[in-house]
Amino acid sequence: MPDLITAGHALAAESARYTAMGWMRGTSGNLSVTLGRDPLRLAVTASGLDKGELTAHDVVEIDGTGEALPGQRLRPSAEAGLHARIAAVAGAGAVVHLHMLAPVVAAERWPGGIELRDLEMLKGFGRRAHDDLVTVPVVPNSQDMTVLGDAFEAGFDPATPALVVARHGVYVWGDDLLVARHRAECLEWLLRFTTAIAEG
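Quick caveat: nothing in here was measured; it's all calculated off a predicted structure.

Notes on the pairing of strand 3 (residues 59-62)
Working step 1: Judged by which residues are buried, strand 3 turns out to be covered on both faces: Val-59 and Glu-61 on one side and Val-60 and Ile-62 on the other are all buried.
Working step 2: With 4 bridges joining them, strand 2 (residues 40-45) and strand 3 adopt antiparallel strand pairing. Pairing of Thr-45 across the sheet is with Val-59, part of strand 3.

Topic: the pattern of salt bridges
Working step 1: Under the defined criterion, the tally for this structure stands at 9 salt bridges.
Working step 2: Across the salt bridge formed by Asp-58 and Arg-73, the nearest N and O atoms sit 3.6 Å from each other. Note that Asp-58 is positioned in the loop between strand 2 and strand 3 and Arg-73 in the loop between strand 3 and helix 2 (80-90), a separation of 15 residues in sequence.
Working step 3: Taking the relative accessible area as the measure of exposure, Asp-58 reaches 12% and is therefore buried.

Side note on the sheet that holds strand 7 (residues 138-139)
Working step 1: Read across the sheet, 7 strands follow the order 3-2-1-4-9-8-7 without closing on themselves; strand pairing throughout is mixed. Of all the strands in the sheet, just strand 3 and strand 7 have a single pairing partner and so form its edges.
Working step 2: Looking at chain direction, strand 1 (residues 30-37) and strand 2 are connected through 5 bridges and run antiparallel. Along strand 2, the bridge assignment pairs Val-33 with Ala-43.
Working step 3: In the packing of helix 2 onto the sheet, the strands contacted are strand 1, strand 2, strand 3, strand 4 (94-98) and strand 9 (169-174), and the crossing angle to strand 2 comes to about 135°.
Working step 4: Where helix 5 (residues 177-199) meets the sheet, its contacts fall on strand 1, strand 4, strand 8 (162-165) and strand 9, and the angle it forms with strand 9 comes to roughly 135°.

What counts and how
- Residues numbered from 1 in each chain as written.
- Predicted model: local features only at pLDDT ≥ 70, side-chain atom pairs only at ≥ 80, totals over all residues.
- Heavy atoms only, no water.
- Buried < 20%, exposed > 50% of the residue type's maximum accessible area, 1.4 Å probe, protein only.
- Helix = DSSP H or I, 4+ residues; strand = E, 2+ residues; numbered from the N terminus.
- Pairing = 2+ DSSP bridges.
- Salt bridge = Lys/Arg side-chain N within 4 Å of Asp/Glu carboxyl O.
- Contact = heavy atoms within 4.5 Å.
- Axes fitted to C-alpha atoms, helices over the stretch in contact; angles between N-to-C directions.

If you want it as structure tokens, here you go:
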């Protein structure tokens, strides 16, 4: 697993990429990388900074509850607790929280979960292209990360590495940042397509 500075370089580069795609506007969104499992430790992007201008030092090391370890220079995102919960429950090596529009629009139409099937792009999301019903869970937004974490865990399916928070954004995870990125890109396409077809 990476050390904090190595994780910081990777998180800064990914944040710049997502900002350029319009998925981390302003200071929104946050990314994390798992640094250790016993005890659980994560590097998460710091709160309140322009995600397109992060450096390797603009990350915070957090514990399994999302709290910053002592002596940290910056504050972690308010959503760090959900990153930690996902890492613990899903075994994720990286979690990306993005504010792409397609999942939020899809969640408005399908608040009970977004069903996807028979699309080739599902393979990029880690699922079969055919004969496989994929339901991306949707949970109501909350400022309480324990509430969001409980809702995530209640609907968790190990085969579906994503969660949409209604009227907020999406969380996608994987073994590392590259896998999480590829899954996020594929999911965005899938949800744009599904919503466009539904709207006729």
